[in-house]
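# Examining the three-dimensional arrangement
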Amino acid sequence: MSFKKFIEQADEVIKFALEKLNLQGESYSLTEPAKEDFGDLSCNIAFLLIKKLEKSPYEIASMLIEQYIHNFDEKKRLESTPYVKSVVAHESGYINFKANFDLIGKEILNEILQNDFSYLDIGNGRKVIIEHTSVNPNKALHVGHLRNVAIGDTLYRLLKKTNHNVTVLNYVDDSGLQVADILVGFLYLKFPLIPEDKDLKFDTYCGNAIYVKVNELYEKDPSLVEKRKTLLKKLESGDAEISSFASEITLKVLNDQLKTCWRLKAHYDLLNFESHILNSDLWKNTFQKLRDQRIIKKETEGKNIGCWIFESVDEGIKIIVRSDNTATYIAKDIPYALLKIGTIQDPFKYKVFTNQWDDSNLWITTNDHLENDTHPIFFPAENSITVIDSRQTRLQKIIKEVLNKITEKSNEYLHLAYGPVLLSSRTANMLGINAENNNKSMQMSGRKGIYVDADYVLDTLHSKAKEEIIKRNPEITGADLEGTSEEIAISAMRYSLIKNDLEKEIKFDTIDSLSLEGNSGPYLQYAYARCCRLIEKSRIKSFDCNAINLSHDIEYHLIKHLSKFSIVIEDTIKNMEPKLIAQYAYDLATIFNLFYEKLPILKEKNADISNTRICLVEAIRLMLEMNLSLIGITPLERM
RNA sequence: GGGCCCAUAGUUCAGUUUGGAUAGAAUGGCUGCCUGCGGAGCAGUUGGUCGAGGGUUCAAAUCCCUCUGGACCCGCCA
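Residues numbered from 1 in each chain as written. Chains lettered and ligands numbered in written order. Predicted model: local features only at pLDDT ≥ 70, side-chain atom pairs only at ≥ 80, totals over all residues. Heavy atoms only, no water.

### Concerning the overall build of chain A
- Assigned secondary structure in chain A consists of 23 helices and 17 strands.
- Projected onto the principal axes, the alpha-carbon positions of chain A cover approximately 90 × 65 × 60 Å.
- Buried residues in chain A amount to 54% of all 639 residues.
- Once local pairs closer than 6 in sequence are excluded, the contacts in chain A between residues at least 24 apart make up 74%.
- In the structure as shown, chain A presents an accessible area of about 29700 Å², 48% of it carried by carbon and sulfur atoms.
- Each charge class in chain A can be summarised by its mean position, and for the 81 positive and 92 negative side chains these summaries are 2 Å apart. (Helix = DSSP H or I, 4+ residues; strand = E, 2+ residues; numbered from the N terminus. Buried < 20%, exposed > 50% of the residue type's maximum accessible area, 1.4 Å probe, protein only. Contact = heavy atoms within 4.5 Å. Areas by Shrake-Rupley, 256 points an atom, 1.4 Å probe, with all protein chains shown as cover. Lys, Arg positive; Asp, Glu negative; His and termini not counted. Charge placed at Lys NZ, Arg CZ, Asp CG, Glu CD.)

Encoded structure:
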């Protein structure tokens with residue numbers, strides 16, 4: 001927290017000086033300087049006053065500081081702005097501040113070691129819904145889907161930690177064409193219900209063998225396309241036999257998909273099925289509302305004759321209901337969005353679907369008659385976040401536009417977009433799917449079978465991690481070895497999926513992604529393990545950081561970084577940028593590694609200095625622990 | 001054709017929201033550092049007309065315009 005107070009007090013100094021000179025109203029900035037030598041905070045106010053005062057920046061900066069120094073003697077300065085150690089006018093024109101890290105250090109170490117994170121209450125119990133994952137239930141997850149899971153779950157962890165009341169939804173689109181494709185495979189191409197290879201996951205079987213094969217055959221055999229159309233109609237009209245078979249298949253796929261998600265330690269609260277939304281009053285009522293309020297209209301001529309359409313101001317005409325009265329993909333998202341923000345009543349009954357990895361219940365909507373219908377309150381929320389890749393931005397804009405016409409709460413509906421994951425040219429070449437053999441990255445495609453399976457990558461990372469552990473810690477064996485390897489694999493995967501800017505696409509390379517070194521999840525875990533060993537060897541049980549003695553630049557660096565955490569987490573939440581936490585954790589680990597390399601900790605002869613350093617290590621350990629858990633990485637004591 | 005996004009070191013990316021001091025990491029290449037608190041580490045070196053051109057400004061990777069190259073969206077698919 002302390003660094004924030006330092007900024008506030010530096011701001012007070014500037015404000016005071018401006019007031020004394022009657023120069024209020026300039027929107028200056030207080031930022032961290034490029035170089036440490038300049039101090040901990042810089043103000044650019046002097047540059048902004050050049051024209052007004054017709055003086056050089058340095059003269060102006062000196063003049064401002066003079067006001068402050070002149071009106072406050074040293075004692076008064078310490079009393080009113082204790083976090084500011086010094087202020088100087090630099091010849092460049094900047095006003096540079098130094099922070100009082102002896103004070104900040106004491107405060108921040110006490111705060112961390114006493115587990116005082118009251119500043120984390122940003123949400124004040126605010127209810128937030130996050131929808132993520134939402135993979136069609138006809139295939140196994142590929143690495144592209146994992147980016148969605150990693151972003152969504154990190155957001156969930158961040159919001160929960162900052163006292164938001166978070167509900168995580170996973171939307172299962174169980175009634176579209178892609179499900180009909182799989183049914184074609186089973187019913188007409190006679191794929192066996194149980195794959196011949198007993199070790200093959202059912203989701204992989206459907207996605208790899210059936211989905212790809214069926215889509216190939218459509219081109220050769222048009223009668224199959226007709227069969228799919230018939231199946232889809234039966235599905236949407238709720239034909240008992242077909243619906244029940246489809247439900248059996250999609251649930252089997254879903255179960256296997258969830259295994260992959262849970263492997264990454266993603267948490268969900270509720271599964272929403274598209275078929276349930278269609279078959280409830282949700283869709284019927286929404287359709288009615290859209291017609292009554294003349295938000296959609298029926299085309300009586302032209303190519304869209306017979307369809308109910310929405311005319312978007314920016315995006316043109318969008319079909320909501322087809323001429324055969326079936327709802328399009330976007331149509332089904334409208335009632336779902338209204339449900340999330342509370343414009344329509346929740347019509348569902350709920351039952352527990354299963355207990356998941358973190359021992360929480362995963363719920364599911366149901367039409368079953370229930371003796372006891374007690375369940376958590378899922379809807380509505382004050383904010384709804386939908387994690388979907390940027391290719392769907394246009395559709396999400398249209399949904400928002402429709403919501404705008406229905407309710408004033410539409411601003412509570414946020415599409416969190418992120419760039420898709422592409423295969424690097426090297427990886428595409430390795431998979432033999434880059435026919436041109438050029439240097440371009442490739443879009444993945446489930447339908448064409450161009451993708452890298454998520455479990456495959458995790459398995460490969462697991463084996464690699466295992467080799468590394470055996471090399472350095474042969475005493476780790478059995479379940480410990482497997483467990484630790486798995487945690488390292490997850491760490492590498494999750495970290496690499498959130499460390500980049502959301503809007504940038506990720507070029508996935510199987511070789512690069514296997515690296516457990518450098519700016520990676522395992523690097524963070526390694527720093528954590530080092531901290532653990534130091535604390536263990538110090539044999540200190542309770543930490544006293546009231547008598548700390550900071551004696552080296554690196555220690556000040558560490559204090560500074562630790563004290564900035566509250567600012568970073570605020571920025572992360574405000575801007576919805578998970579990468580900021582990843583970057584913060586990486587920087588912390590880097591400074592710690594430097595500290596560890598350069599300064600004796602346990603071996604330090606001076607007891608005060610040694611004690612201070614051990615306190616620092618413990619604070620770093622706790623802070624790494626918190627950051628890692630926010631990203632969904634398990635801190636490891638040994639690896 | 002319309003819309004939207006991107007372009008920074010050999011490669012993968014920070015930095016752009018809010019202009020500011022010598023543009024930073026990681027990785028790759030080369031070179032050092034383990035009888036020492038864990039070498040999944042640390043240090044050094046190599047490597048950049050910040051896509052091009054113009055404009056605004058005391059100051060531009062950052063803001064504006066034009067152009068070039070690339071990706072994505074524009075379906076009675078989801």
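We are not done yet, so read on.
### Here's the deal with the protein's contact with RNA strand B
- Inspection of the region around RNA strand B gives 66 residues, with Ser 42, Tyr 94, Asp 173, Arg 472 and Tyr 596 positioned closest.
- Within 4 Å of the protein, the contacting atoms of RNA strand B are drawn from sugar and phosphate to the extent of 64%.
- Between Lys 504 and RNA strand B, the recorded distance is 2.7 Å, taken from a side-chain N or O atom to a phosphate oxygen.
- Contact between RNA strand B and Tyr 523: a phosphate oxygen at 2.7 Å from a side-chain N or O atom of the residue.
- Where the surface near RNA strand B is concerned, the elements lending two or more residues are α3 (50–53), α8 (177–187), α15 (393–406), α17 (454–472), α19 (521–538) and α22 (579–598).
- Partitioned by chemical class, the residues of the surface near RNA strand B number 26 nonpolar, 17 polar and 23 charged. (Near = heavy atom within 4 Å. Polar contact = N/O pair within 3.5 Å; in protein donor to acceptor, adjacent residues only side chain to side chain. Nonpolar A, V, L, I, M, F, W, Y, C, P; charged D, E, K, R; others polar.)

### Some words on unusual backbone geometry
- Across the junction of Phe 379 and Pro 380, the peptide omega takes the value -10 degrees, indicating a cis bond.
- Residue position: Pro 380 is located in the loop between β12 (361–366) and β13 (383–389).
- The backbone phi angle of Thr 133 is positive, close to 75 degrees, even though this residue is not glycine.
- Considering the arrangement of structural elements, one finds Thr 133 in the loop between β5 (126–131) and α7 (143–161).
- Judged by its relative accessible area of 8%, Thr 133 falls in the buried class.

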